[in-house]
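The primary structure of each chain is shown beneath.
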Amino acid sequence: MLSRCSVSITCHGIVARTPWAAGRVVLSRRRLSSASPLAEVVRGSEAGLLVQSTHQPGSGSGQDNLGAGSVVKHGGHPYVCVFRVDRYWFAAPLGTAAPAARWLGGPDREAPSGEVEVVSCLERPTPTQKQRVPLSEGITTGLISVDTLSPLGRGQSMLVCGPRGAGKSTLAREVLEQVLTTKLVDRALRFRMDPSAPLVSACLQSSGAFSELAATPEAAMQAPATLLASFFAAVGAAERVRDSGGHALLVLDSIAPLTGAWNLAHSWAEEALGRPIEPDVLGAQRRACFSALLERAACLKPTNEDKTRGGSLTMLVLAETEAMRAVSTVSASSGALGIKAAAGGKVFAYSLDDFKGRREKEISRLKHLVDRGIPLTDATLAAVGIAAPESQSQSSAAAAAPGQWNRAEEVAAMRELQSLSDGQVILDGAAAAAGDFPALVSGATFSRFGLGGSGKSDAQPEARQHRDVRAPALQAVAAHLRLQLALERDAGFRPGGQSAGQDADGVHSARMAAVRASLLQPPRTPMQTEEMAAVLLSACSGALDALPADEAARCLRGGSGGLLLQHLREAAPKVLQRIAEERELSVEAARELEVAVRLFVALRKAWAPAAAAAAGA
């Protein structure tokens with residue numbers, strides 16, 4: 001364990017990194033010039049330092065001389081302060097002789113290792129509300145499920161959550177390729193920690209508009225916290241584009257460097273204090289740590305001389321977590337909740353007796369779940385925000401190693417990130433394993449902004465500026481889609497499986513099954529907004545009811561290569577053009593689409609006997 005050692009202030013430059021060891025520490029910051037010992041190192045490792053200022057606010061000895069962006073030199077190599085935990089600051093390593101990440105392609109490929117970029121990024125405050133403009137413009141991703149259920153607005157932060165293998169990196173790659181192909185942004189950047197993450201196509205990599213900061217294979221095998229400086233180097237590069245008046249899209253392939261560093265600093269701080277940190281203090285500082293990242297996404301007011309355009313930074317943050325596995329779809333075969341066990345595994349359900357000693361409010365909520373026939377599994381408890389009971393073995397496992405989550409902390413951190421982000425996309429690992437892409441959980445996937453009016457309460461309804469960032473063709477189609485999908489999920493909670501409206505429920509469920517099929521598309525099959533609107537209208541209207549359910553689903557899915565969409569392009573191209581051009585979908589356009597779809601259904605039914613005969617032969 002590292003003993004405490006003094007820190008003094010100097011203006012030395014940043015030097016190359018040498019192996020970490022205990023010793024004298026020097027702090028360098030432009031605003032500081034005193035040479036008195038003002039801080040000390042409390043804990044440290046190759047992943048970073050835990051530094052304490054000897055001038056604590058309110059102590060009467062001066063002000064805290066540490067802050068985000070302060071550069072600490074220890075043992076001959078530099079660290080930069082990133083966030084605060086209790087009275088301490090966590091400092092990430094800088095200036096390695098063998099960089100942990102390198103720029104691949106784009107204008108940043110000749111950039112230095114990024115020490116100045118990181119320090120500038122951390123010292124730069126997040127944009128204030130006065131510097132921002134309301135979200136009013138969307139970024140089309142080409143993914144029908146995302147553009148419909150969780151549209152991405154320019155200047156928005158979007159969180160993508162799911163377990164490993166759920167398709168997070170593939171979804172991010174799809175968004176990157178679409179915005180680069182359609183030139184919706186001036187620069188697209190990605191921080192890639194996983195060497196196996198899907199790569200952007202070679203032609204787009206060489207376009208000059210895409211930059212990627214990729215962790216080296218050696219660094220990817222180390223603790224994620226060691227990549228924290230590289231993580232913020234990518235953020236700083238995207239902010240440079242935003243602040244110069246350009247539009248940037250930043251994809252952070254993993255938030256593990258930040259969460260891993262937080263966990264490490266948290267465990268070090270409690271070791272140094274000899275007691276747990278107060279939950280309220282810890283929660284507030286964790287929220288400040290996460291918000292310092294997510295609030296950098298913004299659409300800024302024009303600052304250039306001609307006042308024609310302000311820059312923007314749109315952020316897509318990927319979080320690998322099991323904490324969201326609770327939100328899976330409802331199916332008749334899985335009872336009230338569609339909880340899917342791992343292959344060959346079983347879902348363990350708790351009883352009310354396992355929750356003895358809990359608060360009365362929690363017990364009441366649990367009883368309500370049991371009364372509705374919902375099993376008290378880990379997934380269910382995570383969905384409603386109740387910690388699972390821990391056995392003796394689980395309690396010992398919950399004392400996670402430094403830099404790792406335990407279950408309760410993971411759920412709390414994910415909920416904190418969700419509350420701070422402008423929207424979220426939740427992916428279901430079980431659906432992804434079954435071959436669905438994108439495996440979105442419709443009930444938990446949403447966008448907070450860009451779906452309503454101007455928000456001016458004093459304005460007349462007809463005078464309000466519409467702020468729906470979705471394309472006009474999608475707005476009317478998607479208006480009630482989430483509600484219809486929610487009604488279908490609620491049908492799974494009806495006791496006995498029989499109801500007076502069983503026939504109506506069957507028709508509704510069949511149409512919603514068609515809608516769910518239309519929301520699936522293979523990778524690299526981006527769709528235009530008018531194509532999305534046409535496919536969703538066809539699925540919701542019942543025009544495909546005459547086809548068997550499996551056949552209807554096969555015709556709707558497929559993205560830009562779907563069978564129905566190919567028919568519309570060939571037999572009714574003017575319908576798609578009219579949908580694209582109309583500000584609001586007209587009755588005439590809907591009728592023309594219905595005629596084209598019914599022709600498609602008639603052709604499929606006529607071909608069915610010949611296809612069956614050919615298959616039998």
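Scoring rules and cut-offs
- Residues numbered from 1 in each chain as written.
- Predicted model: local features only at pLDDT ≥ 70, side-chain atom pairs only at ≥ 80, totals over all residues.
- Heavy atoms only, no water.
- Helix = DSSP H or I, 4+ residues; strand = E, 2+ residues; numbered from the N terminus.
- Buried < 20%, exposed > 50% of the residue type's maximum accessible area, 1.4 Å probe, protein only.
- Areas by Shrake-Rupley, 256 points an atom, 1.4 Å probe, with all protein chains shown as cover.
- Phe/Tyr/Trp six-rings, centres within 6.5 Å; stacked < 30°, edge-to-face > 60°.
- Salt bridge = Lys/Arg side-chain N within 4 Å of Asp/Glu carboxyl O.
- Pairing = 2+ DSSP bridges.
- Patch = residues over 30% accessible without salt bridge, like charges linked within 9 Å, V, L, I, M, F, W, Y side chains within 5 Å.
- pLDDT = per-residue confidence, 0-100.
- Contact = heavy atoms within 4.5 Å.

K.L.:
I tried to follow the overall build of the chain on my own but got confused; where do I start?
P.N.:
In terms of regular secondary structure, the chain is built from 21 helices and 20 strands. Out of the 617 residues in the chain, the part that is buried amounts to 51%. For the chain, the accessible area works out to roughly 28,100 Å², and carbon and sulfur atoms hold 53% of it.

K.L.:
How should the packing of aromatic side chains be read in this particular structure?
P.N.:
Aromatic ring pairs are described here by two measures, namely the spacing of the ring centres and the angle between the planes. Here the structure, examined in full by the defined rule, presents six aromatic pairs. Ring centres of Phe 191 and Phe 231 lie 5.6 Å apart, and the angle between their planes is 80°; this geometry places the pair in the edge-to-face category. Within this pair, whereas Phe 191 is found in strand E12 (residues 187-192), its partner Phe 231 is found in helix H6 (residues 228-243), the two being separated by 40 residues in sequence. Phe 231 carries the same exposure label as Phe 191, and that label is buried. Through successive ring pairs, a cluster of aromatic residues spans Phe 83, Phe 90, Trp 262 and Trp 268.

K.L.:
Got a minute to help me understand the pattern of salt bridges in this structure?
P.N.:
Pairing is possible between side chains of opposite charge, provided their charged atoms come close. Scanning the entire structure with this criterion turns up 26 salt bridges. Its salt-bridge partner being Glu 362, residue Arg 359 comes within 3.3 Å of it at the nearest N-O pair. Judged by its relative accessible area of 59%, Arg 359 is exposed. Residue Glu 362 is classed as buried on the basis of its relative accessible area of 13%. Between Asp 545 and Arg 511 there is a salt bridge, and its shortest N-O distance comes to 2.9 Å. Of this pair, Asp 545 sits in the loop between helix H17 (529-541) and helix H18 (549-556) while Arg 511 sits in helix H16 (residues 502-518), and the two are 34 residues apart along the sequence.

K.L.:
What am I meant to see in the pairing of strand E7 (residues 88-93) here?
P.N.:
Note on strand geometry: in a regular strand, side chains alternate between the two faces of the sheet. Here E7 lies mainly inside the structure; six of its six residues are buried. Of the strand pairs in this sheet, strand E4 (residues 48-53) and E7 are connected by four bridges, and their pairing is antiparallel. Paired with Leu 50 across the strands is Phe 90, a residue of E7. Of the pairings in the sheet, the one linking strand E6 (residues 77-85) to E7 comprises six bridges and is antiparallel in character. Looking across to E7, one finds that Val 85 is bridged to Tyr 88. The turn joining E6 and E7, which pair antiparallel and follow one another in sequence, is formed by two residues; a positive phi near 55° is taken by Asp 86.

K.L.:
Is there a simple way to explain a nonpolar patch on the surface in this structure?
P.N.:
Nonpolar side chains collect at one region of the surface, where Leu 599, Leu 603 and Trp 607 lie side by side and expose about 290 Å² of accessible area between them. In this fold, Trp 607 is placed in helix H21 (residues 587-616). Taking the relative accessible area as the measure of exposure, Trp 607 reaches 48% and is therefore partly exposed.

K.L.:
Would you take a moment to explain the confidence of the model for the chain for this structure?
P.N.:
Parts of the prediction with low pLDDT should not have their coordinates interpreted in detail. The pLDDT averaged across the chain works out to 79; a share of 75% of its residues lies at or above 70. Per-element confidence in the chain ranges from a low mean pLDDT of 38 for strand E1 (residues 5-10) to a high of 97 for strand E14 (residues 247-252). Predicted confidence is poor over residues 325-347, with pLDDT under 50, and the contacts of this stretch with residues over four places away or in other chains come to 45 contacts. Counted against residues more than four places away or in other chains, residues 391-399, with its pLDDT under 50, gives five contacts.

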